[in-house]
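Structural features, examined
Read off the chains here:
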Amino acid sequence: MSVGHYENFPVGSLLLPRRMRRAVHAIYHFARYADDVADEGDADAAARLAELDRLSADLARIEAGAEPQIELMRPLAAAIAAHGLPFQPFHDLLSAFRQDVVKTRYQSFAELVDYCRRSANPVGRLMLALYGVDDARSLAQSDGICTALQLINFWQDVAVDWQKGRVYLPQDDLARFRLEEGRIEAGQCDAAWRGMMLYQVERARKMLQAGAPLGRTLRGRLGLELRLIILGGERILKKLHASGGDVFRQRPKLNGLDWIYMMWRACRAV
């Protein structure tokens, strides 16, 4: 499994067939680099957007059948050609990363889900494309899983994102629970905060549950990998619920016992 924003991306996992690992690495490194352009370092917004535009221009070259100019994009071009991957997911990812540069608040849950549609769902769709899965039900279930995993990551990282000047909790939900952003800065976990966080946890849980049948539908290594990812999301949600949404004292994460339990469950759910 990978780290950071793409911690649910199965990079180089031994569960993946060898013939797909090179393509998965190429997709991951593209997404990881573009995400870092939007998030990391000291560059100003104009420089970040310019670099994302450069990636977008190279993606357009690949789509037009021309050679990419950026070294990072050459393995990606090879993966796209070898597996017939669609281009729209890559465009969607770049769109989400551009948004990260300029947008730090989300007024509604619908706005946040639209962001997840472009920042998370493309990864699942590309993995399905690698396996030749493109039916409407599988794509919808994959979208539900990926959006849920992105939301779970947001709920985990409320305090971390605050340090970056970002709040992914919907503003209208904060208002509904009579919470101000100062609660985040102060790390204040009172009854109102717990109520709001448990509401968000339940939203993500329902989305993850709706997509979970895909982990049993898909056969072989991809199905096992996906079941592990879903179970990981469920474990984090359980920890968030048990803490009452207190992400200030300790960010919920998976430990060795969690992984043992998840592997046992994933292998049994066939």
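What counts and what doesn't
Residues numbered from 1 in each chain as written. Predicted model: local features only at pLDDT ≥ 70, side-chain atom pairs only at ≥ 80, totals over all residues. Heavy atoms only, no water. Helix = DSSP H or I, 4+ residues; strand = E, 2+ residues; numbered from the N terminus. Rg over C-alpha atoms; globule rule 2.2 N^0.38 Å. Buried < 20%, exposed > 50% of the residue type's maximum accessible area, 1.4 Å probe, protein only. Areas by Shrake-Rupley, 256 points an atom, 1.4 Å probe, with all protein chains shown as cover. pLDDT = per-residue confidence, 0-100. Contact = heavy atoms within 4.5 Å. Phe/Tyr/Trp six-rings, centres within 6.5 Å; stacked < 30°, edge-to-face > 60°. Core = buried A, V, L, I, M, F, W, Y, C linked by side-chain atoms within 4.5 Å. 1 Å grid on protein atoms, 1.4 Å probe; cavity = no way out; pocket = protein on both sides within 12 Å on 5 of 7 lines; lining within 4 Å. Points joined across faces, edges and corners; volume = space filled by probe spheres on them. Nonpolar A, V, L, I, M, F, W, Y, C, P; charged D, E, K, R; others polar. Salt bridge = Lys/Arg side-chain N within 4 Å of Asp/Glu carboxyl O. Axes fitted to C-alpha atoms, helices over the stretch in contact; angles between N-to-C directions. Parallel < 35°, antiparallel > 145°, perpendicular 65-115°, else oblique. Left-handed = near helix turned anticlockwise from the far one by under 90°. Polar contact = N/O pair within 3.5 Å; in protein donor to acceptor, adjacent residues only side chain to side chain.

Remarks on the overall build of the chain
Each helix and strand in the chain was counted, giving 14 helices and zero strands. Secondary structure elements of the chain, listed N to C terminal, follow the sequence α-α-α-α-α-α-α-α-α-α-α-α-α-α. A compact globule built from 270 residues would reach a C-alpha radius of gyration of about 18 Å, and the chain, at 19 Å, matches this within 12%. With respect to the principal axes defined by its C-alpha atoms, the chain has extents near 55 × 50 × 30 Å. Taking all 270 residues of the chain together, 51% fall into the buried category. If you sum the accessible surface of the chain, you get close to 12700 Å²; carbon and sulfur atoms cover 53% of it.

Looking at unusual backbone geometry
The phi angle at R178 is positive, at roughly 55 degrees, despite the residue not being glycine. For R178, the location among the structural elements is in the loop between α9 (171-176) and α10 (182-186). Of the residues examined, R178 reaches a relative accessible area of 75% and is grouped as exposed.

Overview of the confidence of the model for the chain
With 94% of its residues at a pLDDT of 70 or more, the chain shows a mean pLDDT of 91. Across residues 1-6, where pLDDT falls below 50, the model places 29 contacts with residues more than four positions away in sequence or in other chains. Overall, residues 8-12 carries pLDDT values under 50, and its contacts beyond four positions in sequence, including any with other chains, amount to 21 contacts.

Some points on the packing of aromatic side chains
Evaluated as defined, the whole model comprises nine aromatic pairs. With a centroid separation of 6.0 Å and an interplanar angle of 45 degrees, the aromatic rings of F177 and Y199 are classed as tilted. Pair noted here: F177 is in the loop between α9 and α10 and Y199 is in helix α11 (residues 191-211), with a separation of 22 residues, a long-range link. Its relative accessible area of 28% is what places Y199 among the partly exposed residues.

Brief notes about the environment of L222
On the secondary structure map, L222 appears in helix α13 (residues 220-242). The class for L222 is buried, based on a relative accessible area of 7%. Not counting residues up to four positions away in its chain, the partners in contact with L222 are M127, L128 and Y131.

Regarding the nonpolar core
Membership of the largest hydrophobic core comes to 73 residues, with the highest contact counts inside it found for F90, W155 and L169. Counting residues per element, this core draws most heavily on helix α1 (residues 18-39), which supplies ten residues. Setting aside residues up to four positions removed in sequence, W155 forms contacts with L112, Y168, L169, P170, M197, Q200, V201, A204, L240 and V247. Among the nonpolar cores identified, the runner-up in size contains five residues, and L224, L228, M262 and A266 belong to it.

Some points on empty space enclosed by the protein
The tally for this structure, following the rule as stated, stands at two cavities of 30 Å³ or more. The wall of the second largest cavity is formed by F154, D157, V158, D161, R166, V167, Y168, L169 and I184. Residues that form the lining of the second largest cavity fall into these classes: six nonpolar, no polar and three charged.

With respect to the pattern of salt bridges
One pass over the structure, following the stated rule, counts 20 salt bridges. Where R32 meets D36, a salt bridge forms, and the shortest distance between an N and an O atom there is 2.8 Å. A residue pair is termed a helical-turn pair when its members lie 3 or 4 positions apart in one helix, as R32 and D36 do in helix α1 at four residues. For D36, a relative accessible area of 28% puts it in the partly exposed group. Several salt bridges share partner residues, and in doing so they unite R32, D35 and D36 into one network.

Concerning the packing of α1 against helix α3 (residues 73-83)
At a closest axis distance of 9 Å, the pairing of α1 and α3 adopts a crossing angle of 135 degrees. Viewed along their axes, α1 and α3 adopt a mutual orientation that is oblique. Considering the relative orientation of α1 and α3, their crossing is left-handed. Residues R19, A23, A26, I27 and F30 of α1 form the contact with α3, whose participating residues are M73, P75, L76, A79 and H83. Here the contact of α1 with α3 is built from residues that sort into eight nonpolar, one polar and one charged.

Considering the side chain of S138
Within the element layout of this structure, S138 appears in helix α7 (residues 136-156). For S138, a relative accessible area of 5% gives the class buried. There is a polar contact of 2.8 Å between the side chain of S138 and the side chain of D135.

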